[in-house]
Protein chains: 2
Amino acid sequence: MTREFRSYESGRTYAGNEDRAAVRRPASIKDVASAAGVSPTTVSHVLSGNRPVNELTAARVRSVVNRLGYVPASLARSLQAGSTSVIGLMIPDISNTFFAELAKGAEDAAHDLGYGVILCNTEFDADREDRYLGMIRSRFIDGMVYASGSPPSRRRLEALMGKFPIALADEEVEGLEGALIATADHEAGGRLVGEHLRALGHRRALMLTGPRALKSGVDRANGFVRAFRGEVVERVGDFKEASGHRLVAALLQEGGLDCTAVFAANDLMAFGALTALREAGLSVPRDVSVVGFDDIRAASQIHPALTTVHQPAYDVGRTATAQLLQYVTRGEVPPASRHTLPVELKVRGSTAPPAR
Amino acid sequence: MTREFRSYESGRTYAGNEDRAAVRRPASIKDVASAAGVSPTTVSHVLSGNRPVNELTAARVRSVVNRLGYVPASLARSLQAGSTSVIGLMIPDISNTFFAELAKGAEDAAHDLGYGVILCNTEFDADREDRYLGMIRSRFIDGMVYASGSPPSRRRLEALMGKFPIALADEEVEGLEGALIATADHEAGGRLVGEHLRALGHRRALMLTGPRALKSGVDRANGFVRAFRGEVVERVGDFKEASGHRLVAALLQEGGLDCTAVFAANDLMAFGALTALREAGLSVPRDVSVVGFDDIRAASQIHPALTTVHQPAYDVGRTATAQLLQYVTRGEVPPASRHTLPVELKVRGSTAPPAR
DNA sequence: TTGTACGCGTTATCAG
DNA sequence: CTGATAACGCGTACAA
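Residues numbered from 1 in each chain as written. Chains lettered and ligands numbered in written order. Predicted model: local features only at pLDDT ≥ 70, side-chain atom pairs only at ≥ 80, totals over all residues. Heavy atoms only, no water.

## Considering the UniProt feature "domain: HTH lacI-type" (unreviewed entry) in chain A
Reasoning step 1: In the numbering used here, UniProt assigns the "domain: HTH lacI-type" (unreviewed entry) feature to residues 27-81 of chain A.
Reasoning step 2: End-to-end, the C-alpha atoms of residues 27-81 of chain A are 21 Å apart, and along that stretch the chain is 71% helix and 0% strand. (UniProt positions renumbered as here; feature names shortened; annotations may be inferred. Helix = DSSP H or I, 4+ residues; strand = E, 2+ residues; numbered from the N terminus.)

## Overview of the relation of the copies chain A and chain B
Reasoning step 1: Under the fitted operation, chain A is carried onto chain B by 0.3 Å of movement along the axis and a turn of 180°, and the coordinates agree to an RMSD of 0.4 Å. Taken together, the rotation angle and the small translation identify this as a two-fold axis.
Reasoning step 2: The residues that chain A uses at the interface reappear at the interface of chain B in 100% of cases, marking a shared surface. (Least-squares fit on C-alpha atoms with pLDDT ≥ 70 in both. Contact = heavy atoms within 4.5 Å.)

## Considering the protein's contact with DNA strand C
Reasoning step 1: Taken together, 29 residues form the shell around DNA strand C, and within it T41, T42 and T57 of chain A together with I29 and Y70 of chain B come nearest.
Reasoning step 2: Of what DNA strand C places within 4 Å of the protein, 62% of the atoms are sugar or phosphate.
Reasoning step 3: Contact between DNA strand C and T42 of chain A: a phosphate oxygen at 2.7 Å from a side-chain N or O atom of the residue.
Reasoning step 4: When contributions to the surface near DNA strand C are tallied by element, the ones reaching two or more residues are α2 (40-48) and α4 (74-81) of chain A together with α1 (29-36), α2 (40-48) and α4 (74-81) of chain B.
Reasoning step 5: Within the surface near DNA strand C, the residues separate by chemical class into 11 nonpolar, 12 polar and six charged. (Near = heavy atom within 4 Å. Polar contact = N/O pair within 3.5 Å; in protein donor to acceptor, adjacent residues only side chain to side chain. Nonpolar A, V, L, I, M, F, W, Y, C, P; charged D, E, K, R; others polar.)

## Observations regarding the interface of chain A and chain B
Reasoning step 1: Taken together, the contact between chain A and chain B spans 62 residues of the former and 62 residues of the latter.
Reasoning step 2: When chain A packs against chain B, close to 5,600 Å² is buried across both sides, 56% of that on carbon and sulfur atoms.
Reasoning step 3: Sorting the residues of chain A by area buried against chain B places L75, R139 and Q301 of chain A first, and these three jointly supply 11% of that buried surface.
Reasoning step 4: Our count for the chain A to chain B interface comes out at eight salt bridges. (Buried area = accessible area lost by both parts, 1.4 Å probe. Salt bridge = Lys/Arg side-chain N within 4 Å of Asp/Glu carboxyl O.)

## Quick word on the environment of A336 of chain B
Residue and element names in this part refer to chain B.
Reasoning step 1: Mapping A336 onto the fold places it in the loop between α13 (313-328) and β13 (337-341).
Reasoning step 2: A336 gets classed as exposed once you look at its relative accessible area, which sits at 51%.
Reasoning step 3: Put simply, A336 and V173 are 163 residues apart on the chain and 13 Å apart in space, counted from C-alpha to C-alpha.
Reasoning step 4: In this structure A336 touches E177, G178, A179 and L180, once residues within four positions along its chain are discounted. (Buried < 20%, exposed > 50% of the residue type's maximum accessible area, 1.4 Å probe, protein only.)

## Focus on the sheet that holds strand β10 (residues 261-264) of chain A
Residues and elements named next belong to chain A.
Reasoning step 1: With parallel pairing, the four strands of this open sheet are ordered in space as β9-β8-β10-β11. Each end of this open sheet is capped by a strand with a single partner; those strands are β9 (231-236) and β11 (289-291). The sheet shows a mean angle of 20° between the axes of neighbouring strands, direction not considered.
Reasoning step 2: Sheet topology places β10 next to β11; three bridges connect them, and they run parallel. When the sheet's bridge partners are listed, A261 is paired in β11 with S289.
Reasoning step 3: On top of the sheet, helix α11 (residues 267-279) reaches β8 (204-209), β10 and β11; it is set at about 160° to β11, its chief contact. (Pairing = 2+ DSSP bridges. Axes fitted to C-alpha atoms, helices over the stretch in contact; angles between N-to-C directions.)

## Some thoughts on unusual backbone geometry
Reasoning step 1: The omega torsion across H303 of chain A and P304 of chain A is -5°, close enough to zero to call that bond cis.
Reasoning step 2: Checked against the element boundaries, P304 of chain A lands in the loop between β11 and β12 (308-310).
Reasoning step 3: At the junction of V284 of chain B and P285 of chain B, the peptide bond is cis and its omega measures out at 10° in the coordinates.
Reasoning step 4: A positive phi angle, close to 55°, is found at E123 of chain B, a residue other than glycine.
Reasoning step 5: Take E123 of chain B: it is sitting in the loop between β4 (116-121) and α6 (126-137).
Reasoning step 6: At F124 of chain B, a position not held by glycine, the phi torsion is positive, near 60°.
Reasoning step 7: Relative to the helices and strands, F124 of chain B is located in the loop between β4 and α6.
Reasoning step 8: Overall, the relative accessible area of 52% leaves F124 of chain B in the exposed class.

Here it is, written out as structure tokens:
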């Protein structure tokens, strides 16, 4: 039993069903005004408190508001105000705990200032990223926290950067210097690992890096090498578990690891390395020590628990967003500025002094 | 060196800085129209293709569009269209991998239909939840996928349910029957575990449940008990790792487990149980088999890998969203309907036949 | 204390 | 093939 309601002013159509409460045209400020015998202006002011209204009139208006279930259309309000109080959060993969934590921080910071967050999950897909960048160009969102980074989209980002409020989180984007950015102290993280392994007595280490293009990875590697002051064998992976496994397995097959420690660029690769070592009959940490980076949740849940560098993903998201909003709320484009957040070494069961 | 731009029509103020590209009033369709010497109507149609336009005129318009960098304000378009093409996703905690997966599914489904998703992370905070529910009442979002559930907010949900498009994901909400809902087949999950353990030869099992208030947990327990057809000792926990540890440790201290298998209501509790067993010098699966529920990432990475029931979190999010949008796109409120998604038993190293 | 009129930027309608 | 006009729903400057 379907019916149609036709609003007399607009001719717009609303379909519904008697059995499950039908969708009817929502009450507008005009409806309230005429029902209460006042002007829309008065209704507006009763609700906003922006100017004094006769208490009796106000009461009458409020009662009508309740009776009609009137709620101001935030869309119209946004149009007139010129801003939506919504920002975008661009990340490659929300199911990666690192980005999930980052998202949580961003959401918290936004919530504190009454902003909403649109989840822009890109899967590193440039088209998808473009679509979301379109939201800022069409001004549906007031700003963007950008933590993704498919290379083809960098040009677009660059074009937007000076004209719209954008903050870079977690990863710097090559060639985009004059930006607001919040990132973890990757270099210090690498240094902490280097110092830890050196203090334990290790002198030869295998370093599994991520792609060379990412500045964060380079920073980690540099920090490590400088602090470790021993021999470092380097192999380039891609941040995935499989690559950690592959690289270590290959080395083992080629005639031995010849290292007492492995430093992986992230926890996932460390997991892969652990598996490869176990398959080769090596014991961690007795035969080889293993260190990761990120401190994702599983790092503390596996056995042996993984020694790793805790990245303040939550803080990165929160800081980037808070900084961005500081300017967005004032209708300004943020200036270039850098916020480097401290990392922490979590020493767990996967590291020990090298065997004699 | 700060300046102000004052738009002559509106008197609105735009602040900027010469050094970093200033924010100036974005070009509107009127600006384009007058610069191209046509009416706004024509500009609109050139861009939308909704009616034929003289190719010469069109070319001129397009050139002006590019020169001015004109992008239609989606806000104004939404106001006129009566919908924003954005929905909300209400979840308690995005950093929980289950909800992160669910969110990914929701985002994918929304993206497919050109919809955006606002992340509504509640931390089970009723105020926060209320604020987000406000977005649907104020029609800033066209619908809501609801996977949260602080008890005090249920009334509000109920009030909204018949009037706005809402879909329940993952967890049914007590007393909210006439709704669109997508959930995993918890009962079947419990049954699969029961059959698995029985087939292995187990006849006495410890079942660690979640809070009794959650229908999903009750379903799992019922499915298990019915299929296991053996003796079941039940202990009530709270889904946290610590509670799994506590319950098992207490039982061990009271004079033995007296069971050959443990079925935990989720993986986290299973982890706690594993730790307690290990601390008591018991070996898994030799002395005791352990099964979890959810299949979070760490489940396959611990040693021994955990036998568990894989929950289709992604599919739950995707299905709930796709179903919701099916109605939203037609401006309808979804009818009551249930979508139960299949689960899968992942048999890993933590289960084996009971010792002789 | 209240109301009128206009602008926000877009698209649909109707007229030419 | 094109344009003027109204309407979406709200806030507010200005007038009374």
